[in-house]
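Commentary on secondary and tertiary structure
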Amino acid sequence: MKHITQEDLFNLNKIERLNIVNSISGIKAVNLIGTRSIDGQENLAVFSSIIHLGSNPALLGFIIRPTGDVPRHTYENMSQTNAFTLNHAPAKMAMNAHYTSAKFDRKESEFEACGFTPIYKDNFQSPYVEESPIQIGLEFVEEISIKRNNTILLIGEVRHIYIQDGLVSSEGYINLETAGSLGVSGLNCYYDLSLIGEYPYARPQECPTWQ
């Protein structure tokens, strides 16, 4: 088994270090975050750092890099409107989703450039992605600075959920394989998702190694 120490990481070139550290956490969900500025400019950006923070209230968060000198249109729009959408990236449009990460000019819409369709529902201010099988509208409620690497955890409270028909079981489980949701390892290695099995609530006495 290959052993990489913290010192080894420091000594790697930037690209190799970036790829290793971004891949070691495994496959992550790919979401497209839709926002709109107060003057109506739409923005779409791919993120793989979405995390579940709680179910009641329903909170989701994601990590954004320091704002600094680099324009962060998603962050700027959220700060202006307190609204954003999370949209599962469809696996069949993996390349389109990937290219929303390109550094487009402020006046260019990633929706148009990358072949996605903005759609507005129930008077929500930010655009959803029409091609997405699972769409979530969130209110931007809090940000937490992470001092160690100067990043920011942005937290949204779920206001609306739209799920394609036929994807939700009677118990509320969502079949991401049928949905065609996209996964990613690192920054640019994309995966389809496959359902392996569905298991009951875990109890020690039912552990398969004890039977």
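Look a little higher up for the structure.
On a predicted model such as this, the values are computed, not experimentally measured, just so you know.

Before going further, it helps to spend a moment on the environment of Pro 127. Inspection of the secondary structure puts Pro 127 in the loop between β7 (118–119) and β8 (128–129). In sequence terms Pro 127 and Glu 42 are 85 residues apart; their C-alpha atoms lie 7.5 Å from each other. Other than its neighbours up to four places away in sequence, Pro 127 contacts Gly 34, Thr 35, Arg 36, Glu 42, Thr 85, Asn 87, Phe 111, Pro 118, Ile 119 and Tyr 120.

Turning to the pattern of salt bridges, a few remarks are in order. Throughout the structure, instances matching the rule amount to three salt bridges. Where Arg 159 meets Glu 157, a salt bridge forms, and the shortest distance between an N and an O atom there is 3.5 Å. Overlapping salt bridges, with partners in common, bring together Glu 139, Glu 157 and Arg 159 in one network.

Of all six residues in strand β6 (residues 83–88), six are buried, a share of seventy percent or more. Burial along β6 is two-sided: Ala 83, Thr 85 and Asn 87 facing one way and Phe 84, Leu 86 and His 88 facing the other are all buried. Here five bridges tie β6 to strand β9 (residues 134–146), and the two strands are oriented antiparallel to one another. When the sheet's bridge partners are listed, Thr 85 is paired in β9 with Gly 137.

As a further point, take the layout of surface pockets. The calculated volume of the largest pocket comes to roughly 1700 Å³. Elements supplying a minimum of two residues to the lining of the largest pocket: α1 (6–11), α2 (14–23), β3 (42–47), β5 (58–64) and α3 (73–81). Of the residues assigned to the lining of the largest pocket, the class counts are 20 nonpolar, 14 polar and eight charged. Estimated volume of the second largest pocket: approximately 480 Å³.

The seven strands lie next to each other as β3-β2-β6-β9-β10-β5-β4, forming an open sheet whose pairing is antiparallel. Here the strands that pair on one side only, and so sit at the sheet edges, are β3 and β4 (51–55). Neighbouring strand axes in the sheet, compared pairwise and without regard to direction, differ in orientation by 30° on average. The sheet contact formed by strand β2 (residues 31–36) and β3 spans six bridges and is antiparallel. Residue pairing in the sheet places Gly 34 in a bridge with Leu 44 of β3. Docked against the sheet, α3 engages β2, β3, β5, β6, β9 and β10 (151–163), running at close to 50° with respect to β2.

What follows deals with the packing of aromatic side chains. Two descriptors summarise a pair of aromatic rings, namely the distance from one centre to the other and the angle between the planes of the rings. Under the criterion given, the structure shown has four aromatic pairs. Ring centres of Phe 62 and Phe 84 lie 5.7 Å apart, and the angle between their planes is 65°; on these two criteria the pair is classed as edge-to-face. Placement of Phe 62 in strand β5 and of Phe 84 in strand β6 is noted, with a sequence separation of 22 residues between them. With centroids separated by 5.2 Å and ring planes inclined at 85°, the aromatic side chains of Tyr 128 and Tyr 162 adopt a geometry described as edge-to-face. You can see Tyr 128 sitting in strand β8 and its partner Tyr 162 sitting in strand β10, a full 34 residues away along the chain. As far as the burial class goes, Tyr 128 and Tyr 162 line up, both buried. Counting every residue linked through ring pairs, the aromatic cluster contains Phe 47, Phe 62 and Phe 84. Directly above the aromatic system of Tyr 128 lies the positively charged group of Lys 121, at a separation of 5.6 Å from the ring centroid.

This next bit is on the side chain of Asn 87. Take Asn 87: it is sitting in strand β6. Setting aside residues no more than four positions away along its own chain, Asn 87 makes contact with Val 30, Asn 31, Leu 32, Gly 34, Pro 127, Tyr 128, Val 129, Ser 132, Ile 134 and Gln 135.

What follows covers the sheet that holds strand β11 (residues 182–185). Ordered in space as β1-β11-β12, the three strands form an open sheet in which the pairing is antiparallel. Edge positions in the sheet fall to β1 (28–29) and β12 (189–192), since each has one partner strand and no second. The pairing of β1 with β11 spans two bridges and is classified as antiparallel. The residue bridging Ala 29 from the neighbouring strand is Gly 183, located in β11.

Reading the values: rules and limits
- Residues numbered from 1 in each chain as written.
- Predicted model: local features only at pLDDT ≥ 70, side-chain atom pairs only at ≥ 80, totals over all residues.
- Heavy atoms only, no water.
- Helix = DSSP H or I, 4+ residues; strand = E, 2+ residues; numbered from the N terminus.
- Contact = heavy atoms within 4.5 Å.
- Salt bridge = Lys/Arg side-chain N within 4 Å of Asp/Glu carboxyl O.
- Buried < 20%, exposed > 50% of the residue type's maximum accessible area, 1.4 Å probe, protein only.
- Pairing = 2+ DSSP bridges.
- 1 Å grid on protein atoms, 1.4 Å probe; cavity = no way out; pocket = protein on both sides within 12 Å on 5 of 7 lines; lining within 4 Å.
- Points joined across faces, edges and corners; volume = space filled by probe spheres on them.
- Nonpolar A, V, L, I, M, F, W, Y, C, P; charged D, E, K, R; others polar.
- Axes fitted to C-alpha atoms, helices over the stretch in contact; angles between N-to-C directions.
- Phe/Tyr/Trp six-rings, centres within 6.5 Å; stacked < 30°, edge-to-face > 60°.
- Lys NZ or Arg CZ within 6 Å of the ring centre and 35° of its normal.

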